[in-house]
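# Chain and residue survey
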Amino acid sequence: MTMASDPNMIPQTGLLSSEANKAAALAAYGGVLTVDLDAIIANWRKLEKTAVPAECSAVIKADAYGCGAAQVAQALNKAGCKTFFVATIEEARTARAAVPDATIYVLGGYFQNTGEHYAKINCRPVIGDLNELAEWDVFCRRTGWSGGAAIHIDTGMNRLGLTLAEAQAIIPRINAGDHGITLVMSHLVAAEQLNSQINAKQLAAFRAIASEFSGVPAALANSSGIFLGAPFQFDLVRPGAALYGVNPTPEADNPMQQVVDLKARIVQTRSIERGETVGYGGTWSARRPTKLAIIAVGYADGYFRAASSNDGTRGAEVIVAGKRCPVAGRISMDLIAIDITDLPPNAARRGHMVTLLGEGITVDELAHHFGTIGYEVLTSLGHRYARVYKGGNVVEPLVKPEPAKAAEQPPSPPPLEQPPPPPPLPG
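Residues numbered from 1 in each chain as written. Predicted model: local features only at pLDDT ≥ 70, side-chain atom pairs only at ≥ 80, totals over all residues. Heavy atoms only, no water.

## What about the overall build of the protein chain?
Secondary structure assignment for the protein chain yields 13 helices and 20 strands. When burial is assessed residue by residue, the protein chain has 50% of its 427 residues classed as buried. Sequence-distant contacts in the protein chain: of pairs separated by 6 or more residues, those separated by 24 or more amount to 68%. In the structure as shown, the protein chain presents an accessible area of about 19,400 Å², 51% of it carried by carbon and sulfur atoms. (Helix = DSSP H or I, 4+ residues; strand = E, 2+ residues; numbered from the N terminus. Buried < 20%, exposed > 50% of the residue type's maximum accessible area, 1.4 Å probe, protein only. Contact = heavy atoms within 4.5 Å. Areas by Shrake-Rupley, 256 points an atom, 1.4 Å probe, with all protein chains shown as cover.)

## Details of helix α4 (residues 69-79)
Counting buried residues along α4, 9 of its 11 residues qualify, which places the element largely inside the surrounding structure. Residues of α4 that are buried include every one of Ala69, Ala70, Gln71, Val72, Ala73, Gln74, Ala75, Leu76 and Ala79, and no others. Elements in contact with the buried residues of α4: α2 (37-51), β4 (58-59), α3 (61-65), β5 (83-86), α5 (89-98) and β20 (386-390). Phi for Gly80, located one or two positions after α4, is positive at around 120°.

## Here we look at the pairing of strand β9 (residues 181-185)
When a strand is regular, its side chains alternate between the sheet's two faces. Burial runs high along β9: 4 of the 5 residues are buried. In terms of strand pairing, strand β8 (residues 149-152) meets β9 through 4 bridges, oriented parallel. Paired with His152 across the two strands is Met185, which belongs to β9. Strand direction decides the pairing type here: β9 and strand β10 (residues 218-219), joined by 2 bridges, are parallel. For Met185, the partnering residue across the bridge sits in β10 and is Ala219. The β-α-β motif built from β9, the intervening helix α10 (residues 197-210) and the parallel element β10 has right-handed crossover chirality. (Pairing = 2+ DSSP bridges. Right-handed = clockwise from strand over helix to strand, strands pointing away.)

## A look at unusual backbone geometry
Leave glycine aside and you will find that most residues have negative phi; peptide bonds, for their part, are mostly trans. Residue Pro53 is bonded to the preceding Val52 through a cis peptide linkage, with omega at 10°. Note on placement: Pro53 falls in the loop between α2 and β3 (55-56). Despite not being glycine, Asn122 has its phi angle at roughly 55°, a positive value. Topologically, Asn122 is positioned in the loop between α6 (115-120) and β7 (124-127). The backbone of Glu359 sits at a positive phi, close to 50°, despite the residue not being glycine. Here Glu359 shows up in the loop between β19 (353-357) and α12 (363-370).

## A look at the packing of α2 against α4
Packed helices, taken two at a time, are described by the angle between their axes plus the distance between the axes. Running from amino to carboxyl end, α2 crosses α4 at an angle of 50°, the nearest separation of the two axes being 10 Å. The orientation of α2 with respect to α4, classified from their angle, is oblique. Crossing handedness for the pair α2 and α4: right-handed. Across the interface between the two elements, Leu37, Ile40, Ile41, Trp44 and Arg45 from α2 touch Gln71, Val72, Ala75, Leu76 and Ala79 from α4. Here the residues of the contact of α2 with α4 sort into 8 nonpolar, 1 polar and 1 charged. (Axes fitted to C-alpha atoms, helices over the stretch in contact; angles between N-to-C directions. Parallel < 35°, antiparallel > 145°, perpendicular 65-115°, else oblique. Left-handed = near helix turned anticlockwise from the far one by under 90°. Nonpolar A, V, L, I, M, F, W, Y, C, P; charged D, E, K, R; others polar.)

Structural data, given as structure tokens:
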């Protein structure tokens with residue numbers, strides 16, 4: 001088990017054992033977020049097996065959905081994952097430091113004058129606009145860069161991507177050869193809905209256009225799309241949330257292992273009389289003499305205020321001494337009150353840890369109380385927790401490389417001074 005580096009962590013000394021040093025370091029935090037890298041690997045392998053013979057990549061954007069991009073990328077790469085997707089160039093730098101030899105795609109697209117950044121870390125833009133494609137062409141012709149790019153085609157999301165007509169217009173250019181396009185992709189609108197007519201419509205549209213990109217691998221399926229079956233899997237699948245334990249099949253049981261365990265410290269216990277209120281606004285009142293535990297986590301740590309309780313609505317629950325106990329009153333920025341009246345005496349005391357995620361409380365359950373989806377729960381987990389990683393042969397987080405420290409293959413092109421306006425697109 002490895003703890004992520006943190007400048008605020010209590011330094012280890014030779015006066016204490018390794019375990020004592022770890023305990024001392026954890027005591028400085030109100031909460032401990034544990035990421036099970038072996039569970040992430042197991043989830044990836046399950047998805048890979050489901051998608052055979054398609055390649056199974058991994059989406060590690062947003063710091064691997066809050067789980068730590070460097071640690072997750074390293075663990076999955078050692079397990080056999082060769083292709084990763086991120087959202088920004090900055091995220092690509094983190095990924096490149098962790099997995100020097102992997103293929104990395106940047107979903108956020110290409111902007112003029114950013115080609116040098118892509119080249120220096122040898123990653124590939126996902127191009128979803130004709131202007132982007134023209135600007136990318138200018139950069140490649142001027143510098144000789146041949147690092148590759150993906151083409152994103154919109155088949156119904158109406159967000160990013162070339163229209164079907166625009167994609168059709170560049171087919172002659174692609175089929176002429178030496179185009180540098182290494183992937184053609186689209187994104188499903190309603191993959192988690194097994195009987196959605198949108199899925200069939202998108203599949204038909206993408207199959208038709210992708211077949212015209214001669215020799216270029218194709219990718220359509222996200223986490224849920226993998227479970228729609230072989231017709232949706234093409235050459236490569238792009239799981240994201242499912243890797244981190246979110247249910248990709250919400251109409252059935254979750255086939256994925258839970259990845260995140262979140263615990264918080266009790267900072268105080270107190271007793272109140274019947275009729276007294278708890279928290280801001282006094283919206284929750286005790287219906288009996290009540291014992292409370294106050295824990296050191298709040299909405300600033302990603303535990304949403306929406307999970308509060310009041311006199312008419314039960315909120316979220318946490319596990320205290322092995323038993324579910326309800327939130328009492330409004331969740332505040334740094335603190336949550338928990339009703340522990342039904343626990344045995346001394347079962348919960350100051351300094352004890354309680355479980356917010358884990359021990360049967362899933363990401364999807366917490367998302368229900370938050371009024372959102374598991375994706376937002378994971379990506380909102382705060383940075384005031386001590387972060388602990390287990391499994392996966394994890395090493396300490398890597399320092400992100402400076403842009404000047406480039407991957408040496410292919411060689412970095414010279415910087416552009418004044419790129420000319422993009423030329424008219426062929427075809």
